[in-house]
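Given next are the chains, with one letter for each unit.
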Amino acid sequence: MPAVRVECTTEGLEENWVEVSDFWTRAELRDYTEKSGDEFISLWRRKVIACHIVTGDLVVDDPLQIHEQLDGLDIRLMRFLTGAVTEATSYLLTLGEANKRLSFPGAGAAVTTKMTVPALN
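Residues numbered from 1 in each chain as written. Predicted model: local features only at pLDDT ≥ 70, side-chain atom pairs only at ≥ 80, totals over all residues. Heavy atoms only, no water.

Draft legend 1. View of the packing of aromatic side chains. Enumeration according to the criterion identifies 2 aromatic pairs in this entry. With a centroid separation of 5.9 Å and an interplanar angle of 90°, the aromatic rings of Trp24 and Tyr32 are classed as edge-to-face. In this pair, the class of Trp24 matches that of Tyr32, namely buried. Centroid distance Tyr32 to Phe40: 4.9 Å. Interplanar angle 40°. Geometry classified as tilted. Neither Tyr32 nor Phe40 differs from the other in exposure class; each is buried. What links up through ring pairs into an aromatic cluster is the set Trp24, Tyr32 and Phe40. The side chain of Arg5 reaches across the aromatic face of Trp17, ending 3.6 Å from its centre. Note that Lys47 overlies the ring of Trp24, its terminal NZ or CZ placed 5.1 Å from the centroid. (Phe/Tyr/Trp six-rings, centres within 6.5 Å; stacked < 30°, edge-to-face > 60°. Buried < 20%, exposed > 50% of the residue type's maximum accessible area, 1.4 Å probe, protein only. Lys NZ or Arg CZ within 6 Å of the ring centre and 35° of its normal.)

This is the structure we're talking about:
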């Protein structure tokens, strides 16, 4: 399954990353921002398909185990784990703009046109 990898850039935590599914429905995106508790955790577990989370002596490489290990994680990773998914979905939303195609026959991909002023003679 294709994924978007988001790496932690916090000093000292750079080896941490999560991979987020590249397929989201509008409803799933809405639920990610609105749900909490078990519903949120269930969605997070479905959408985060790989991870490498290191804090102290604890290493978690299975996204299904993250929530059981929260009490042992560096607190700086807490927002990273939820924010990384938001970063990935924000990136995915921009891809729709890059992939436009005109629908009438003979048209190629939509491109930005440059307007020029005709020379006056």
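Once the structure has been displayed, the description carries forward.
Draft legend 2. How the structure looks around the sheet that holds strand β2 (residues 17–21). Across the sheet, which stays open at both edges, the 4 strands sit in the order β1-β2-β3-β4 with antiparallel pairing between neighbours. Because the sheet does not close on itself, it has two edges, and the strands there are β1 (3–7) and β4 (58–60). Here the strands of the sheet are splayed against their neighbours by 15° on average, with no regard to which way each runs. Here 3 bridges tie strand β3 (residues 48–55) to β4, and the two strands are oriented antiparallel to one another. When the bridges of β4 are listed, Ile53 appears paired with Val60. (Pairing = 2+ DSSP bridges. Helix = DSSP H or I, 4+ residues; strand = E, 2+ residues; numbered from the N terminus. Axes fitted to C-alpha atoms, helices over the stretch in contact; angles between N-to-C directions.)

Draft legend 3. Main features of the environment of Val59. Here Val59 lies in strand β4. Separated by 14 residues in the primary sequence, Val59 and Leu73 place their C-alpha atoms 9.4 Å from one another. Look past the residues within four positions of Val59 in its chain and what remains in contact with it is His52, Ile53 and Val54. (Contact = heavy atoms within 4.5 Å.)

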